[in-house]
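Here is what each chain is made of, one letter per residue.
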Amino acid sequence: MIFEKTLSTINKYNLIEKGDKIVLGLSGGPDSVCLLHILHRLKEVLDIEVYAAHLNHQIRGIEAQKDALYISQLSDDLGVTLFVKSMNVPEYCKENKLSVEEGARKLRYEMFFEIKERLHADKIAIAHNMNDQAETVLMRMMRGTGLQGLKGIDIIRDEVIIRPILEIERADIESYCEQYKLNPRIDSTNLESIYTRNKIRLELIPFMRDNFNSNIIESIVRMSNGLRNDNEFIEEEALRMFDEVSLKQLDSIEIYLDEYINLHKSLKSRIIRHGIKYVLGDTNFIDQKHIEEVIEFEAESKIDKKLILPRGLFIYRQKDKLIFTTKEIIVEEVEFSYKIPTNGFVKISEANVIVETETMSIKRYKALKRDKTLKWFDCNKIKGGIVIRSRRSGDKIKLSMGSKKIKELFIDLKIPKEERSRIPIVQDDTGIVCVGDFRNSEEYKVDETTKEVLKICFKKIKN
């Protein structure tokens, strides 16, 4: 029955195509041994090649050696090529600050893909079963996952990783192993409540089965399957919007806020996940709480702020976008200072601007049609020479509502941090005359006593 059901699952989801080379993760336990045996039986039917891969985690000492001997003999009996690799997983996890579960999983999959590339294989087969699916959903619920997590383990991922026995219960798998006298190895650590998944398997699910629902595994999996359909519909829309609101760079991605900010939160969450996946390659160790933190980062109060997520991911909030990158953005401070004439011009390469000045009588000033792009000041109120320079710590300007720090003015104007040192500051011997073409000081304004006017024009240099 299991054999037929597995074949039905393979055909239903198109997990295997004729001529595929398949690398199977073989631990020696009932699940992987059962899957190896079934795929071997299907070898002629599906015209496939099957290879086995085993990682010795160096956790269980002599027991691990016995596992390797067992699967070596099993592979020989079935005529399956076996690859075995041994790594000190506890030491690796300690060095990389990972739990044993996380580190072991990472190293296993790295080995699977390494073998796949070497063999030019098509698929990687993992022996997750229905019980694993239920345990995964419960574990993700306790971490506070969203719909994406509640859909559980994918039966096929990225057209590469396949799980042909995901719809079969563990008890049926164990019965299959008994029927064919496969005598799989039992990992003693799976019988100890020392890891989260083990506690769910050994304590939580039995409690739920005995006290609430005797078919708890089937119920959880049925729920996750229903949520998967809903998730797929939303995901299609999210992918479409992701392409519209994002700009992909070589090692970063930018999410533009003009369209993104009005989207439903459900779509935003998925767009953020796609952005993270683009930069990191996957979303491992990124929880829903991290997604919520990024969503909160769209607020204007977060402009020029930086958010640090797991695995060295930086999120930067700029004026009109969010930047996802693994490289820290260092703001380069530009310094410049030039004397400017009262009639003439000066080119400020550091600010990419040409500053033109002209002195005229109040009579001519009043006769001119006023251009909002030009700045006008009372010449008699300017003391000494005029310089144009980059900002300095403690700079202030006198506005109609009182004195204001230039730093606070830039924040109010939402000028990106990386652009602030390039904004030209015009100053005389006593104070700041204007801040680029953004604000003029009240102390130099043209009034009824003005006799001579200074015109200042800022022109951007075209690239």
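Residues numbered from 1 in each chain as written. Predicted model: local features only at pLDDT ≥ 70, side-chain atom pairs only at ≥ 80, totals over all residues. Heavy atoms only, no water.

1. Quick word on a positive patch on the surface
There is a patch of like positive charges on the surface, built from Lys 302, Lys 305, Lys 396, Lys 405, Lys 407 and Lys 417. Given the relative accessible area of 42%, Lys 405 is considered partly exposed. (Patch = residues over 30% accessible without salt bridge, like charges linked within 9 Å, V, L, I, M, F, W, Y side chains within 5 Å. Areas by Shrake-Rupley, 256 points an atom, 1.4 Å probe, with all protein chains shown as cover. Salt bridge = Lys/Arg side-chain N within 4 Å of Asp/Glu carboxyl O. Lys, Arg positive; Asp, Glu negative; His and termini not counted. Charge placed at Lys NZ, Arg CZ, Asp CG, Glu CD. Buried < 20%, exposed > 50% of the residue type's maximum accessible area, 1.4 Å probe, protein only.)

2. Digging into the pairing of strand E13 (residues 344–348)
In this structure, E13 lies alongside strand E14 (residues 353–361), joined through five bridges in antiparallel fashion. Counted as the bridge partner of Phe 345 is Glu 356 from E14. The turn joining E13 and E14, which pair antiparallel and follow one another in sequence, is formed by four residues; a positive phi near 55° is taken by Asn 352. (Pairing = 2+ DSSP bridges. Helix = DSSP H or I, 4+ residues; strand = E, 2+ residues; numbered from the N terminus.)

3. Examining helix H14 (residues 288–296)
Structurally, the α-helix is built with 3.6 residues per turn, so residues lying three or four positions apart point the same way. Of all the positions in H14, only Gln 288, His 290, Ile 291, Val 294 and Ile 295 are classed as buried. Down the axis of H14, the sector holding all buried residues measures 160°, keeping them to one side. Exposed and facing more than 90 degrees away from the buried side of H14 are Lys 289 and Glu 296. In the core, the buried residues of H14 are packed alongside helix H12 (257–260), helix H13 (265–280), strand E9 (306–309), strand E10 (313–317) and strand E11 (321–325). (Arc of directions from axis to C-beta. Contact = heavy atoms within 4.5 Å.)

4. What about the sheet that holds E13?
Strand-to-strand pairing in sheets goes through backbone hydrogen bonds, with the strands running parallel or antiparallel. With respect to topology, four strands assemble into an open sheet ordered E13-E14-E22-E15, the strand pairing being antiparallel. The sheet is open, and its two edges are formed by E13 and strand E15 (374–378), each paired on a single side. The mean inter-strand angle of the sheet, taken between neighbouring strand axes irrespective of direction, is 20°. Bridge count for E14 against strand E22 (residues 452–460) is nine bridges, and the pairing is antiparallel. Bridge pairing in E22 places Val 353 opposite Lys 460. (Axes fitted to C-alpha atoms, helices over the stretch in contact; angles between N-to-C directions.)

5. With respect to the state of the cysteines
Simply put, disulfide is the name for a covalent bond between the sulfur atoms of two cysteines. Tallied over the entire structure, the rule returns zero disulfides. No disulfide involves Cys 177; its sulfur sits 5.2 Å from that of Cys 34, the nearest cysteine. With no disulfide partner, Cys 434 has as its closest neighbouring cysteine sulfur the one in Cys 457, 11 Å distant. Residue classification places Cys 434 among the buried positions, given a relative accessible area of 0%. (Disulfide = S-S within 2.5 Å.)

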